[in-house]
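Each chain, letter by letter, is given below.
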Amino acid sequence: MLDWIWILLTAAWLLPLLGFAVEVFGGYWQQSRRDRTPALIAVACIGAGFVLSVAAFIIWGSETHWGVFAAEPEHGDVPAQQAVEDTTREAAAEDASELQPADAGQQHSYRKAISGTIYTLARFGDLKLSIDYYVDSLTLVMFMMVTLIATCIHIFALGYMSDELTDEYVDHQAHTAGGDHVHRPGRYYLFFSYMSLFCFSMLGLVLAGNIFQVFIFWELVGICSYLLIGFYVERHSASTAANKAFIMNRVGDFGFLIGLMVIWTYFGTFSLGPETIGDETRPGIFAMVRNAEGGLDIRNESGSPVVHLNGSVAEADDAGAADGEAAVTAERTIPYWLLVVAGLGVFAGCIGKSAQFPLQTWLPDAMEGPTPVSALVHSATMVAAGVYLAGRFYPVFTPDVLLVMSYVGCITLFLAATIAVVATDIKRVLAYSTISQLGYMMLGIGVAGWAAGLFHLITHAFFKSLMFLCSGSVIIGCHHEQEMPRMGGLRRKMPITAYTMLVGVIAISGLAIPFTILGMKLAFSGYHSKDAIVATALAFNYKNPVHFLLFLVPLVTAGITAFYMFRLWFYTFCGEPRDRHIYDHAHESPRVMTLPLIVLAVFAAGVAVGGEGGPLYRMLLASEPAGVDVGSEAIDPTVAFIPEDVGYALVGQPARAEIHSVHAQAGAFALIAAAAGAVLAFLLYVVRVVDPGEIKRQVGGLYRFLIEKWHFDTLYDVAFVRPVHRVAAALAWFDRVVIDGILHWFANTSVRIASWDRKVDEGLVDGLVNLVGNVTFRVGRSLRAVQTGQLRQYIMFIALGVLSLFVLQFIFFPR
Amino acid sequence: MQIGLSEYLIVGAVLFVAGVVCMATKRNGIGVLMGVELVLNGANVNFVAFARYTPLGLDGQIISLFVIVLAAAEAAVALAIALNFYNNHMTIDVDRGDQLKG
Amino acid sequence: MTAHDVIFWILALGAGAGAIAVVLTQNVVRMAFWLVVSLGSTAGLFFLLHADFVAATQLLIYVGGTVVLLIFGVMLTARGPYVRIRSSTAELFVSGGLGLLVFFMFYAAITGVDWNRSTLAVADLAAIPRDRFEERLDDATAAERELLLGHAEHEPAADAAEPHGDEGRESTAGHHDEAAGPFYVLDEDANVYRLAPAQRLTTVQRDYLAGFWKADDRMNRPPGIDKREGGTARPIGFSFLGARPDRDLGRASADAKLSTGYLLPFEIVSVHLLVVLIGAAYLARAKRRKPADET
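Model, not experiment: these values are computed from the prediction.

### Focus: the pairing of strand E1 (residues 114–124) of chain A
When a strand is regular, its side chains alternate between the sheet's two faces.
Residues and elements named next belong to chain A.
Consideration 1: Pairing of E1 with strand E2 (residues 127–135), which is carried by nine bridges, proceeds in the antiparallel orientation. By the bridge assignment, Ser115 is partnered in E2 with Tyr134.
Consideration 2: In sequence, E1 turns back onto E2 through a hairpin of two residues, with Gly125 there showing a positive phi of about 60°.

This is the structure:
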């Protein structure tokens with residue numbers, strides 16, 4: 001039965017590809033561009049994918065006897081007393097075995113990942129290129145999340161994109177060289193085929209069982225993102241934004257490639273799970289780099305720390321070349337710093353894809369794409385793929401990498417949130433909010449809150465896609481108006497949109513009623529996930545006081561988040577209409593668009609029900625890498641004596657028990673901050689205690705700084721774009737002047753030689769030929785007279801000729 | 001004087017030269033034809049004489065037979081040509097047929 | 001002067017004079033007559049050369065056929081003034097002079113060649129390897145040896161050296177008169193016996209030599225002259241059928257290659273004749289001349 005899981009998931013993964021092929025070709029050749037069939041195929045494919053995912057989930061659950069929900073989380077309800085005791089432990093790795101009973105394998109069958117090969121593409125010696133699958137509870141959750149959200153967004157797009165259902169679409173925002181609007185055939189089918197291709201790529205990324213496959217689909221989702229951002233390719237801003245997104249992603253992917261190369265060189269495999277080559281079964285990357293307790297096998301060898309890879313077999317020649325110990329143990333080893341490089345490389349890919357600092361600038365521009373694209377690709381799934389990969393590759397990341405990750409996330413979440421405060425474009429606010437929330441996730445994973453980060457990934461996917469779809473509904477309702485200052489009071493015109501949006505806003509802000517009813521907090525999903533992250537950060541802060549910013553910044557930003565989200569909602573839906581014209585023409589969207597909103601609102605509110613005891617969190621927890629829950633201690637090489645085999649760690653990581661112990665405290669902090677932000681927004685934009693414009697003027701410098709997005713675009717422009725332009729111009733000059741000059745010189749020389757050759761040809765060669773011709777002609781002419789036509793003369797000539805021959809013979813050959 | 005090959009060859013030469021001169025002097029087309037016959041005949045005398053006086057043997061005679069036969073055929077064709085010539089020019093004077101002069 | 005010579009001279013005169021008369025006569029009909037005389041005399045010469053079949057063919061085809069054809073031509077074309085088309089006297093002189101030059105050229109060529117030596121050379125008898133010569137000499141009679149090597153005795157060796165019948169006596173006499181010296185002398189390099197310098201052989205002598213060498217079975221060469229003169233109709237007929245009994249009956253061994261006949265040329269000529277017949281008929285057919293064609 002377990003096999004059915006990956007078969008179903010593979011089917012769910014491949015269905016959109018089939019849909020893509022049918023849509024893109026069928027749509028291209030269909031008679032009219034007014035046909036909804038391609039869209040319906042796309043919806044059917046992704047909907048079927050959702051059904052299959054759920055089926056796979058049910059099979060998985062029944063195969064593991066629903067142990068994931070039945071068993072208590074190991075530390076979820078551990079008494080605080082014991083948690084305190086836990087913190088006193090010195091060697092976390094040793095105690096981990098106590099916490100996990102010997103029958104852990106039996107008890108936690110749901111923790112086991114299912115991996116295998118679907119199809120082997122090629123094998124080059126040890127390198128096996130194959131399409132693998134790696135299914136654990138995280139994969140299942142991602143599958144269900146992606147397919148569900150994608151289904152909702154597809155359905156929403158049925159209505160949203162319907163103005164493309166025409167044979168001649170007039171793009172009012174694109175102009176031809178003559179100044180006219182661009183007229184083109186509608187691209188309804190194309191949109192849905194791209195969406196299907198994206199779903200295929202995203203699901204492939206989630207299902208991928210080796211990191212090379214991950215990379216392939218990583219690039220595929222990048223391509224889809226590029227195509228979808230540039231969907232209105234005639235608009236200059238759209239094509240530029242598509243290019244920007246693609247190029248900035250390449251920067252990150254370069255790091256990804258470096259990481260891949262390091263991994264391949266030192267691990268000898270790409271596979272995540274156990275890999276079978278021939279008759280030999282080899283451990284995957286994760287099993288190599290971590291032992292059963294989740295520890296790194298670091299040893300000091302010849303002065304530098306080296307990580308031993310468990311269960312791997314070094315190649316014979318490698319063993320000879322390496323030092324003696326490696327030859328004896330016959331294990332592959334990797335220098336610690338290269339493991340850091342590999343982790344940073346992979347993380348660089350995550351930075352690009354998830355729009356983290358310093359590559360965050362492409363995501364706001366990506367809002368040039370149609371709103372369903374923003375909802376699906378640029379908030380819920382693709383950008384989350386970076387976080388997903390960071391979570392997936394958690395075992396490879398050393399504590400140093402995790403620290404970098406958390407600081408990157410920390411910078412990003414604050415930076416994006418501040419910009420979101422001043423943004424006025426409704427989609428851009430959401431885009432910055434997305435960047436900020438992705439920063440939260442990175443931070444969460446970075447501070448060892450593995451499950452917390454991914455928890456936030458799932459919840460965020462729901463409420464952010466919900467809000468994007470709401471904004472899409474608003475944009476459609478306001479006839480492609482995106483500027484919030486021209487909206488207002490739309491709550492009365494489009495109530496469904498407004499209140500579903502409010503659900504999303506409350507969810508992202510993390511507001512909750514601080515009481516428990518029936519043992520459950522009355523809160524939307526965002527509260528639980530953000531709470532988990534903040535709690536982890538606080539625990540981390542307790543353990544590493546020097547990194548206090550990693551707690552403080554997210555906490556403050558939680559308030560900012562609530563502020564700008566409520567600002568958005570108040571701006572758009574409350575108060576008096578600022579633009580009468582727009583308000584009068586605004587209307588509620590059709591049901592095909594509001595229905596997904598309601599569905600997503602339900603999920604945004606309830607997906608995290610139960611918080612850290614709830615099913616979603618438990619599902620995620622089931623995939624948590626070993627050792628995360630027990631935490632670790634910082635070993636400062638400058639202070640402590642380091643045993644030879646242990647290595648060092650810059651930071652300690654909080655155990656779950658420690659996190660749990662500060663949960664209530666952190667939750668209170670976060671709730672206060674969020675409430676403060678929301679109240680502030682209410683005061684500013686509804687009650688209008690102070691005129692926001694006044695504040696704007698008061699802190700004009702800061703305002704401009706934020707409006708200019710911390711001048712990152714300017715910085716990049718100065719630091720990279722202009723130098724590149726200048727170098728390119730220099731190269732172009734070199735090309736034009738030097739290389740073209742040389743080529744022209746050759747060309748001119750050839751022409752000159754050719755002209756000389758022509759003279760020789762015409763004078764000498766032709767002259768000779770003509771001379772021969774003329775001589776022949778003249779001789780023939782002079783001999784004409786001989787041809788008298790007189791038969792008898794001819795006979796005389798013959799006789800004379802014979803005679804002359806004889807005479808000649810007698811003269812020259814006398815006997 | 002012993003009658004040998006040389007004497008026959010001289011007779012053949014006389015016939016040949018007479019034929020050539022005949023062809024060269026006669027304006028009458030039939031006369032030209034007769035010259036041709038004489039030339040062929042002179043050649044025939046040579047062949048037969050060689051056949052008698054050299055190891056050529058019967059081969060010489062056979063070749064002369066071929067010459068006779070072909071001469072007859074040639075005479076027939078030439079006569080037809082002469083008749084055509086006559087039809088076209090209303091004369092048999094070969095000097096009148098100089099259309100092919102250069 | 002034997003009868004043979006007399007007859008030859010008469011016939012030669014007839015042939016040559018007839019030919020010249022053809023040249024000199026201006027009347028076409030008379031030209032035809034003289035042509036008949038010339039051709040007939042030539043036929044007689046053929047008889048004299050033992051080519052009876054060729055002579056008969058000459059008479060039949062030339063005298064009987066071709067000339068009649070020519071006379072038909074004369075009759076069909078001779079109208080009024082055109083019967084006599086005179087050549088100018090100057091022309092006659094020029095071409096006559098040219099003709100004389102050509103004749104002298106021929107005469108010089110004919111008399112300049114030692115035809116006897118040449119014919120022996122053709123039969124590979126002008127130079128014979130020394131070993132073979134001496135081998136053959138061992139079997140030779142004393143008379144033969146004398147003849148070949150030229151001992152100065154004037155013995156009547158004609159009995160042994162008389163291979164031929166009809167003109168043997170005269171020839172032998174001539175032989176003794178003219179060929180007092182040796183037929184063959186050893187070459188300077190002492191490897192080859194060559195015909196002695198300035199050696200002029202009569203027909204009889206040459207035939208004798210050929211027969212002498214042919215008598216040697218080791219000499220794998222056909223005889224130059226069939227011993228039985230005349231009666232050529234049958235061998236010619238065979239040769240047209242592709243067989244050469246005149247050569248192959250006397251060949252040295254059964255393994256020697258058969259000589260080739262004239263079957264293929266015969267067939268080609270027959271087809272050729274057919275084509276000529278049709279062509280001539282086509283050319284000579286009466287044409288209706290249209291007034292428009294006249295220019």
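We are not done yet, so read on.
### With respect to unusual backbone geometry
Consideration 1: Following Phe357(A), the chain continues into Pro358(A) via a peptide bond in cis, with omega recorded as 10°.
Consideration 2: Considering the arrangement of structural elements, one finds Pro358(A) in the loop between helix H14 (336–353) and helix H15 (362–365).
Consideration 3: Residue Ala448(A) is not a glycine yet carries a positive backbone phi of 70°.
Consideration 4: Within the secondary structure, Ala448(A) sits in the loop between helix H19 (426–446) and helix H20 (450–477).
Consideration 5: One non-glycine residue, His50(C), lies in positive phi territory at about 65°.
Consideration 6: In this structure, His50(C) sits in the loop between helix H2 (28–48) and helix H3 (52–77).

### Topic: the packing of aromatic side chains
Residues and elements named next belong to chain A.
Consideration 1: Summed over all chains, the structure comprises 44 aromatic pairs over all chains.
Consideration 2: Centroid distance Trp13 to Phe217: 5.6 Å. Interplanar angle 75°. Geometry classified as edge-to-face. Taken together, the residues Trp13 in helix H1 (residues 2–29) and Phe217 in helix H9 (residues 211–229) connect sequence positions 204 residues apart.
Consideration 3: Residue class for Trp13 comes out buried when judged on its relative accessible area of 4%.
Consideration 4: What links up through ring pairs into an aromatic cluster is the set Tyr188, Phe191, Phe192, Phe231 and Tyr232.
Consideration 5: In this structure, Arg235 packs its charged tip against the face of Tyr232, placed 3.9 Å from the ring centre.

### Looking at the pattern of salt bridges
Close approach of charged atoms allows side chains with opposite charge to pair.
Residues and elements named next belong to chain A.
Consideration 1: A full pass over the atoms with the stated rule returns 19 salt bridges over all chains.
Consideration 2: Residues Asp584 and Arg580 are paired through a salt bridge, measuring 3.7 Å at the closest nitrogen-oxygen approach. Placement of the pair is Asp584 and Arg580 together in helix H25 (residues 580–585), with a separation of four residues, close to one helical turn.
Consideration 3: Arg758 is the salt-bridge partner of Glu762, the closest N and O atoms lying 3.0 Å from each other. Here the residue Glu762 and the residue Arg758 both occupy positions in helix H31 (residues 712–784), the gap between them amounting to four residues, near one helical turn.

### Some thoughts on the interface of chain B and chain A
Consideration 1: Each partner contributes residues to the interface: chain B has 13 residues there, and chain A has 10 residues.
Consideration 2: Summed over both sides, the interface of chain B with chain A buries roughly 970 Å², with 57% coming from carbon and sulfur.
Consideration 3: Between chain B and chain A we count two residue pairs in polar contact (both at pLDDT 80 or more) in total.
Consideration 4: In terms of residue count, the dominant contributor to the side of chain B that touches chain A is helix H1 (residues 5–25) of chain B (four residues).
Consideration 5: Its residues assigned to classes, the side of chain B that touches chain A comprises five nonpolar, three polar and five charged.

### Overview of the nonpolar core
Consideration 1: Judged by nonpolar contacts, the single largest core of 231 residues is most densely connected at Trp362(A) and Phe393(A).
Consideration 2: Examining the composition of this core, we find that 18 residues originate from one element, H20(A), more than from any other.
Consideration 3: Excluding residues that lie within four positions of it along the chain, Trp362(A) makes contacts with Ser225(A), Ile229(A), Lys244(A), Ala245(A), Met248(A), Asn249(A), Gly352(A), Lys353(A), Ala355(A), His378(A), Met382(A) and Val383(A).
Consideration 4: Counting 75 residues, the second-largest nonpolar core is a separate cluster that includes Leu38(B), Val39(B), Ile68(B) and Val102(C).

### What about the interface of chain C and chain B?
Consideration 1: Opposite the 86 residues of chain C that make contact, chain B presents 70 residues.
Consideration 2: Roughly 7,100 Å² is buried in total at the junction of chain C and chain B, and carbon and sulfur atoms are behind 74% of that figure.
Consideration 3: Summed over the shared surface of chain C and chain B, the result is zero salt bridges.
Consideration 4: Between chain C and chain B we count eight residue pairs in polar contact (both at pLDDT 80 or more) in total.

### Let's talk about the confidence of the model for chain A
Residue and element names in this part refer to chain A.
Consideration 1: Confidence in the prediction for chain A averages 82 pLDDT; 89% of positions are at 70 or higher.
Consideration 2: Segment residues 73–107: pLDDT under 50, and 31 contacts once partners within four positions in sequence are set aside and those in other chains are kept.
Consideration 3: Contacts for the low-pLDDT stretch residues 316–329, under 50 throughout, to residues beyond four places or in other chains number seven contacts.

### As for the pairing of strand E3 (residues 192–195) of chain C
Residues and elements named next belong to chain C.
Consideration 1: Examined bridge by bridge, strand E1 (residues 127–129) and E3 share three bridges and lie antiparallel to one another. Directly across from Ala127, in E3, lies its bridge partner Arg194.
Consideration 2: Note: strand E2 (residues 184–186) against E3, three bridges, orientation antiparallel. When the bridges of E3 are listed, Tyr184 appears paired with Leu195.
Consideration 3: Hairpin connection of E2 to E3: five residues between the antiparallel strands, including Ala190 at a positive phi of 65°.

### Some points on helix H12 (residues 263–284) of chain C
Owing to its 3.6 residues per turn, the α-helix aligns residues three or four sequence positions apart on the same side.
Consideration 1: For H12(C), spanning 22 residues, the distance from its first C-alpha to its last is 31 Å, which sits close to the expected 32 Å at 1.5 Å a residue.
Consideration 2: Among the residues of H12(C), those classed as buried are Val269(C), Val276(C) and Ala280(C). Down the axis of H12(C), the buried side of the element spans an arc of 30°, and every buried residue falls inside it. Exposed residues lying more than 90 degrees from the buried face of H12(C) are Leu264(C), Ile268(C), Val275(C), Leu277(C), Ile278(C) and Tyr282(C).
Consideration 3: Considering only its buried residues, H12(C) is in contact with helix H3 (58–89) of chain B.

### What to know about the environment of Pro654(A)
Residues and elements named next belong to chain A.
Consideration 1: Mapping Pro654 onto the fold places it in the loop between helix H27 (615–622) and helix H28 (656–687).
Consideration 2: On the accessibility criterion, Pro654 (1% relative accessible area) is buried.
Consideration 3: In the structure, Pro654 is positioned 118 residues away from Thr536 in sequence and 7.4 Å away in space, judged by C-alpha atoms.
Consideration 4: Excluding its chain neighbours within four sequence positions, the residues that come into contact with Pro654 are Val447, Ala448, Thr536, Ala539, Phe540, Lys543, Val628, Gly631 and Ile659.

### A look at the environment of Met467(A)
All names here are of chain A.
Consideration 1: Residue placement: Met467 occurs in helix H20.
Consideration 2: Along the sequence, Met467 and Gly504 sit 37 residues apart, while their C-alpha atoms lie 5.9 Å from each other.
Consideration 3: Residues contacting Met467, with those up to four places away along its chain left out, are Leu430, Met501, Gly504, Val505, Ile508 and Met565.

### Observations concerning the packing of H3(B) against H3(C)
Consideration 1: For the pair H3(B) and H3(C), interaxial distance at closest approach is 10 Å and the crossing angle is 5°. For the element pair H3(B) / H3(C), the angle class is roughly parallel. Facing Gln61(B), Ser64(B), Leu65(B), Ile68(B), Ala71(B), Ala72(B), Ala75(B), Ala76(B), Leu79(B), Leu83(B) and Tyr86(B) of H3(B), the residues of H3(C) in contact are Phe53(C), Val54(C), Thr57(C), Gln58(C), Ile61(C), Tyr62(C), Thr66(C), Leu69(C), Leu70(C), Gly73(C), Leu76(C) and Thr77(C).
Consideration 2: A breakdown of the residues in the contact of H3(B) with H3(C) according to their chemical character gives 16 nonpolar, seven polar and no charged.

Cut-offs applied
- Residues numbered from 1 in each chain as written.
- Chains lettered and ligands numbered in written order.
- Predicted model: local features only at pLDDT ≥ 70, side-chain atom pairs only at ≥ 80, totals over all residues.
- Heavy atoms only, no water.
- Pairing = 2+ DSSP bridges.
- Helix = DSSP H or I, 4+ residues; strand = E, 2+ residues; numbered from the N terminus.
- Phe/Tyr/Trp six-rings, centres within 6.5 Å; stacked < 30°, edge-to-face > 60°.
- Buried < 20%, exposed > 50% of the residue type's maximum accessible area, 1.4 Å probe, protein only.
- Lys NZ or Arg CZ within 6 Å of the ring centre and 35° of its normal.
- Salt bridge = Lys/Arg side-chain N within 4 Å of Asp/Glu carboxyl O.
- Contact = heavy atoms within 4.5 Å.
- Buried area = accessible area lost by both parts, 1.4 Å probe.
- Polar contact = N/O pair within 3.5 Å; in protein donor to acceptor, adjacent residues only side chain to side chain.
- Nonpolar A, V, L, I, M, F, W, Y, C, P; charged D, E, K, R; others polar.
- Core = buried A, V, L, I, M, F, W, Y, C linked by side-chain atoms within 4.5 Å.
- pLDDT = per-residue confidence, 0-100.
- Expected span 1.5 Å × (residues − 1).
- Arc of directions from axis to C-beta.
- Axes fitted to C-alpha atoms, helices over the stretch in contact; angles between N-to-C directions.
- Parallel < 35°, antiparallel > 145°, perpendicular 65-115°, else oblique.

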